[in-house]
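Chain by chain, the residues run as shown.
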Amino acid sequence: MAEKIGVYVCGGCGLGEAVDLDAVCTAVKNKYQPQCPVIKAVPVLCSSEGKAAIDADIAEAGLDAVCLCACSPRAKWDVFTFGDKIQVERVNLREQGVWSFNKELGALEKAKGIDDLQLICNEYAMMGVVKMIKSNIPNPEVPETCKTIMVLGGGWTGLNAANAAASLGYDVVLVEQAAALGGKVANFYKTFPLSYPYTEAHETGLDKLITQVTTNSKVSVLTGTTLEKLSGAPGLYKAELSGGQNLDIGAVVLATGWVPGDTKYLAPMGYGEIKNVITTAELEKMAKDGPIVRPSDGKAPKSVAFLINTALCSVDSCPADVALECEKEEQAPVNPPAEGEEAPAEAPFCDLESQRHLALSSELSSLVALKQANYVVEKDPEAAAYIFYDHMMVPGINERYYKAAQDNPGVMLSKAQIKSVKAGANGSVVVSMTDTLLGEAIEIVADLVVLPTSLVPTTAHSPVVNLEYRQGLAFPDLGLFEGYADSNYICFPYETRRTGIYAAGAVRQPMGLALASEDAMGAALKAIQCVSSANRGVAVHPRSGDRSFPVFNFVRCTQCKRCTEECPFGALDDDPKGTPMPNPSRCRRCGTCMGACPERVISFDNYNIDMIGTMIREMQVPAKIEQGGPRVLILACENDAYPALDMAAMRGKPWSPYVRVIPVRCLGSVNAIWVADAMSKGIDGVLLLGCKYGDDYQCHFVKGSELCNRRKENISESLKRLGVEPERVDQFQVAIDEYDVVPSMIDKFMDMIVKMGPNPFKGY
Amino acid sequence: MSGNAILVVGGGFSGITAALEAAEMGYEVILVEKNPYLGGRVAQLNQYFPKLCPPSCGLEIQFQRIRNNPNVKVLTMAQVTKVSGQAGNFDVTVSIKPRYVNEKCTCCNACTEAAETTVPCEFDFGMGMRKVAYRPNIFAFPQRYAFDKAKCSEAEAKKIEASCKYGAINLADQERTQTFKVGAVVQATGWKPYDVSKLENLGAGKLTNVITNMQMERLCAPNGPTGGLLLRPSDKTAPKRVAFVQCAGSRDENHLNFCSYICCMASLKQVTYVRERVPGAEVTVFYIDLRTPGRYQKFLEKVSADPKLSLVKGKVAELTQEGSGKVLATVENVETGIKNVEEFDLVVLATGMQPSVAGEAVAVNAPRDEEGFFIGSPDSGVIATGCAKVPLDVMRSAQSATGAALKAIQTVAGR
C-alpha cells in the first residue's frame, strides 16, 4: 500500500491547452491529500526537467509511489523508471483523454456545456491514485528449487536437448524408454541433407551425438525407463520413474517423438493385402540393414514406385468405424464434478491417431520418398524409382534436394492422381493413375510399391507426461493438433498450457533432423529459463519477470473449485478437502483464478479485486443521463484492446466521452463483482474488450477471454432476475489492429445504452 | 558491454526473439536494426497464416518484454559496419544514421503537420506517400518520429524544427558510431522481397495492376495506404477478378534457386483478404505445387472449400496490361496442357524471399552460399538464424531464433 504518492499532471501534447491541470490537481487534493504529499502540474513531464522534478521529490518527500498523469504506459517507458522501490502508475490522460476526445461526439444535447474532458481527466487521475493506495510491491517467496532438466526421449531431439542444456552447465537426466539411445533415427540409413548445399543425403551423425551425450558428465542417461508420474511444479517437480526411482526435477523437455502411423489407414492403397506394398519405415530399415528386396520373393526390385499422393486413404474411403471415432469422444463434455463430489482421479484420455496424420506428415513423406528413391538407384544402378505426388511438399531450402533428384536419371517424378493399387502377375503391383506427365490415364507395373509412413506423435497415444495435476495427466488441447503437443501461438512456439514442459521435435510437429536439432535447443533454453525464473520467484512468458503472484485468503474459501477448474495453466491442485493448492511456478499471473472466485479469496499485491473495485467507485455517475450523460465502464485487456485504443487515439479517432477505461491483465481476471458494483452504482453499462477466442484464439493466456464471456452469460442471467436489461453488459472481441473499428464499437454500445435509458439502479 | 554480451544484427521477428530469449537469461544484448523501428517484415504484414491474427499482437508482447528488460539495448537506424576478433571476443562498430529527432520526441505529430514535402512511403512499398517528418508506422517501436531532412528544403526543415515544442528536432544530428565488445554475434538479417523488375515476363514491376504479395499485405492492412480497403492501384476500384501467380522468382535457377517457403500459405491467406473485402470476387491461384506442410493442411482445406476460389496447376507465361487496367495473363494449364489468355482486374505476384544481404558485403566474417544465405560456421561465434539462414515462416523463425539464443549463450557463457 503506497503511503506517500507523488501525483504529477503533464501539460504536454495538448493536455495543457485542453485541460485545466490545476483543476485535476485540486480534485486529487480534495480527496487524497493525506496520501499524496506532492500534487503538481508540470509543463512537460517527460522532459529532463520534469523527470528531475520527480526524482527530487522522491528524494526529498520520501515518496514511495508516483502517479504520472500524462501519456500511455506504452510511451516514454524508458524515461519513467525510478528503481524497484517506487511504484509507478501511468494515468493515460493523453490517449484516453485529450487525443480521443471530441466534444461534439455523442454528447447529449442538454449535457453540452459540461466540460467532459475535465471530468475524464479528474476521474482517471483519482483512479490512478486509489490504484496506488491499493497496491503493494510484490515480494515473492523464493523456494529452494532444483535446476535439473529432465529430457524425455533419447532420440535425435532428446539427445540434442540434453547436450544443449548440459552445455549451459545444467544437470540433465535423459530418460529413454527403449534399451538404447537413438530413437527412430537409429534405423535411418541416411538423412536427407541437413546443410549446404542441400543436395545429397548423408549419414545422420547419430553415433557421434550419442557419444557426446553419454560421455558428458552433466548428463545421466536412464534407458529402459519411463516417466510414471510427474508431480509438483517447475523448479519443484518430483518425477517418479519406472523401477521406483524418484528424482527432483526443475523443468522438462518433452522429446518423445513419433511412432509410425497405423498401417490400417493405408489399406485403400493395397497395404496389408498386397505383399509387395510396403511403407517407407519398412524400406528405411531394409536400406539400413543391407539390400532392398521385395517381401514376396526376396528379390531386388527393378522398379519401385513411391506413392506419396495418399488421397485414396482420405476419410471417405476409410472404414466408418475408424473414421472420426476419436472425434466423438473428443466432443464428449468432461463434466465438472458436482459439489461435494470428488474430482475424477484423471481426465479421460482419448487416442488421437487418425488417417489425418498422413496428410499432416506430407513434408516428410515427400522428402523421405526423394531420399529413398535415391537409395533404390544407389543400391542398384539398374533399378528405376518413380515418385507419384499431388504436391511435392518440399518447402524452403529442400527444393534443392528435389532439384537434385530431378537430375538423377534413375528417378522419375510425376504428378498423379492414384486410382487403384492392385496385385499384378509374379508379385508385381499395378498402379492405375490419371493426370500424369506420362499421360491422361496410365498403369504402372512396379516390383515394389512404397507408401508413406505418417509421423504420429507419442502424445496422440498416451499422456506421456503423466502429470499429477488436478486438470489431468496430459497436455490439454491435444485435440486441436491431432495429438501433437504443439503450441497454438505463431510467435511463441514453445508456449503451451503446461508451464515448465517444453516440447521439441516430432512430438510437436512433423519435422526433419535439421529443424529438430534447433528445436531441441530452443526447448532446452525455455526449460532453463523456466528453472531460473522459478528460482527467482518470477513469472515466465508472457509476463516474464513479473514478481507478483496470486495470494489466497483461505479463510473465506468455500472449496467451490472454480479457480482450480478455470486456471488455463492447471496451476492449482486440490488438497483432500478441496481447498486449492497454489503452485506459483506453474502460474502465469493472468489472474483468471481471481476473476473466477465468487468469494474474492484471491489477490495479487499489485492487482486485486479491491483495487479495481475502488477504481470503479471513482467514476462519478451523473444523477440524470440527460443532464450529465450516461456512463459506461470499459474493462480492457491490457495486451491488445488497450493498445488498440491507444492507436485509435493516435490516429485521431475519438470515442464517446461517457466511458471510462480500466485496463485488466486479461479478461479472464474480470470478477463478476466488479460488474455488479458498477451496475449497483448506477453505471449504465459495462463493456468488456478482450481478445478473440475459439480455436484460433489470440488471448495470451489461452482461455481468459473465453472464460470471461462465459461469466458474462451468468451475469446477464443475474441482471435479468433483477429486472435490468442484460444487454447492458457485453463483451466484444477486439484485435490489437482494430484501432479503426474499436471507437465505433464503443459508440454503438453507447447509442444502445442511450436508447435504453438510464440504469434502473441509478440513484439508489 | 563485455565479452559475455551478445550482438543481434537485425530487429525483425527472429532478431527480437533471439535478443529477448538471451536477455531473459541475464545476458546483455545489443539489438541493431537498420530501420527506424523494430519488427522487420512482420511489422508490414496484415495478418499471419494460418490463424489470421495481426502480427502486432505478438510484437506488443515482445515490446513489453523489451520495456521490462534493461538487458536489451535497442539501436535503430543502425548498421553494423565492422566486426573484428573471434568468438568470445569481438569488437563491433555500429554506425547510427542521423534521425534528426531526439529522445525528447513525444509523438505529438506537430512536425508531420508542419511538413509539406511528401515522399513515397517505403513502409507501404511506395503505394502511399508520407511526409518528410513522419511516424514510421502506427505501431512503431520505439515510439519516436524520424525526419528525412535531406528530402526537403532548408526553409522547410527550419519550419519543422520550429513546430516542435519539445526541442526534439535536431537539425545538426550527424551520423555517429558506437563500439561494443561482445562475445557472440547473432545474424538475423532476414529477407527482402525479390526484385520484381527482374521478372520481365511478369511485367517487371511496370504494370500498375500487378502487385507483389508484400504490397498486397500493405493494401489490406488497416494502417496501409488505403486503410485496409482492397483497391487496385490504377483506378482505385475493388477488383472482381484476382489472380495469384505463385513462384514469381522462386524455384527458378535464373532467379531464386530455392522455394521461399511462405508464398503458398501467404497467397491462400490473401485469398481470404480478397474474399472478405470484395463481395463476390473470383480468385484464381496459379501454382506448381501447393506447399502447405504439416498442420497448414487444415488451412488449405478451409480456404479451398470456397467455391469462388480456383486452384489451377498452371504456369503464367506472360502478363500484360490493357488501357482499361485489365491484366491479361497467358496461362498454361499443366494438367490439361491448354494455353489460353485470361483477364483479371488485379494480379498478385507471390514474389519470394531473398536474403536481405544478398549481393551485399556484411561486417561479419561468415560464409554464405551463392544465394546469400549464411551456411553456418560452428565455433566461429557467429550464429545465423531465421531467414538469414534458410527460408522459413514466422513460427519456425521463432523456433530457430530461440535455438540461436542458446548457441550464443554457449559461446559467451562463463566469459
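Just so you know, the residues in each chain are numbered from 1, in the order the chain's sequence is written. Written order decides the labels, with chains lettered from A and ligands numbered from 1. Residue-level local features of this predicted model are given only where pLDDT is at least 70; pairs of side-chain atoms are given and counted only at 80 or more, and the full residue set underlies all totals for whole chains, interfaces and linings.

1. Let's talk about the nonpolar core
All names here are of chain A. Defined as follows: Put simply, a nonpolar core is buried Ala, Val, Leu, Ile, Met, Phe, Trp, Tyr and Cys residues tied into one set by C-beta atoms within 7 Å. Counting other C-beta atoms within 10 Å of each residue's C-beta, where C-beta atoms are placed from the backbone, gives the exposure class: buried for 20 or more, exposed for 12 or fewer, partly exposed between. The helix and strand labels rest on DSSP assignments: H or I over at least four residues marks a helix, E over at least two residues marks a strand, and numbering proceeds from the N terminus. Residues are scored as being in contact if the C-beta atoms we place from backbone atoms lie within 7 Å.
Val-253 and Ala-524 are the most contacted members of the largest nonpolar core, which has 401 residues in total. The element contributing the most residues to this core is helix α12 (residues 513-536), with 13 residues. When near neighbours in sequence (up to four residues on either side) are disregarded, Val-253 contacts Ile-149, Val-151, Leu-152, Ala-161, Tyr-502, Ala-504, Ala-523, Ala-524 and Ala-527.

2. A short note on the sheet that holds strand β27 (residues 632-637) of chain A
Residue and element names in this part refer to chain A. We apply this condition: We treat two strands as partners when DSSP finds at least two bridges between them. For helices, the axis comes from a line fit to the C-alpha atoms of the stretch in contact; other axes are also lines fit to C-alpha atoms, and the angle between any two N-to-C directions lies between 0 and 180 degrees.
Spatially, four strands are ordered β28-β27-β29-β30 in an open sheet, and the strand pairing comes out parallel. At either margin of the open sheet sits one strand with a lone partner, and together these are β28 (659-664) and β30 (729-733). Taken over all neighbouring pairs, the strand axes of this sheet differ in orientation by 20° on average, direction set aside. Direction of pairing for strand β29 (residues 685-690) relative to β30: parallel, over a ladder of five bridges. The partner of Leu-687 across the bridge, within β30, is Asp-730. Lying on the sheet, helix α20 (residues 742-756) is in contact with β27, β28, β29 and β30; it crosses β29 at an angle near 160°.

3. Considerations on the domain arrangement of chain B
Residue and element names in this part refer to chain B. Rule in force here: These domain limits were set by an automatic method or by a database of domain assignments. By the convention adopted, Pro, Cys, Tyr, Trp, Phe, Met, Ile, Leu, Val and Ala count as nonpolar, Lys, Arg, Asp and Glu as charged, and the other residues, Gly among them, as polar.
On domain assignment, one finds that chain B holds domain 1 (6-96 + 175-190 + 356-412), domain 2 (110-163) and domain 3 (194-353). Placing a centre on the C-alpha atoms of domain 2 and another on those of domain 3 gives a separation of 32 Å. Domain 2 puts six residues into the contact, and the matching count from domain 3 is eight residues. Partitioning the side of domain 2 that touches domain 3 into residue classes produces three nonpolar, two polar and one charged.

4. Here's the deal with the pairing of strand β18 (residues 339-344) of chain B
Two faces belong to every sheet, and in a regular strand the side chains alternate between them. Residue and element names in this part refer to chain B. Here six bridges tie strand β17 (residues 327-333) to β18, and the two strands are oriented antiparallel to one another. The partner of Ala-329 across the bridge, within β18, is Glu-342. Linking two consecutive strands that pair antiparallel, namely β17 and β18, is a turn of five residues; a positive phi of about 75° is found at Gly-337 within it.

5. Quick word on the interface of chain A and chain B
On the chain B side, the residues contacting the 62 residues of chain A number 60 residues. Secondary structure elements with two or more residues in the side of chain A that touches chain B: α5 (156-167), α9 (356-360), α10 (362-379), α11 (399-406), α12 and α17 (641-650) of chain A. Class assignment for the residues of the side of chain A that touches chain B results in 33 nonpolar, 17 polar and 12 charged.

6. Some remarks on the domain arrangement of chain A
Residue and element names in this part refer to chain A. Assigned domains of chain A: these are domain 1 (1-137), domain 2 (149-260 + 456-536), domain 3 (263-318 + 356-453), domain 4 (551-603) and domain 5 (607-764). In terms of residue count, the dominant contributor to the side of domain 4 that touches domain 5 is helix α14 (residues 592-596) (three residues). Split by residue class, the side of domain 4 that touches domain 5 holds four nonpolar, four polar and three charged.

7. Some words on the environment of Ile673(A)
All names here are of chain A. Along the polypeptide, Ile-673 turns up in helix α18 (residues 672-680). We classify Ile-673 as partly exposed; it has 18 C-beta atoms within 10 Å. Along the backbone, Ile-673 and Arg-600 are 73 residues apart, and their C-alpha atoms lie at a distance of 8.6 Å. If we ignore the near neighbours within four places in the chain, the residues touching Ile-673 are Arg-600, Ile-609 and Gly-613.

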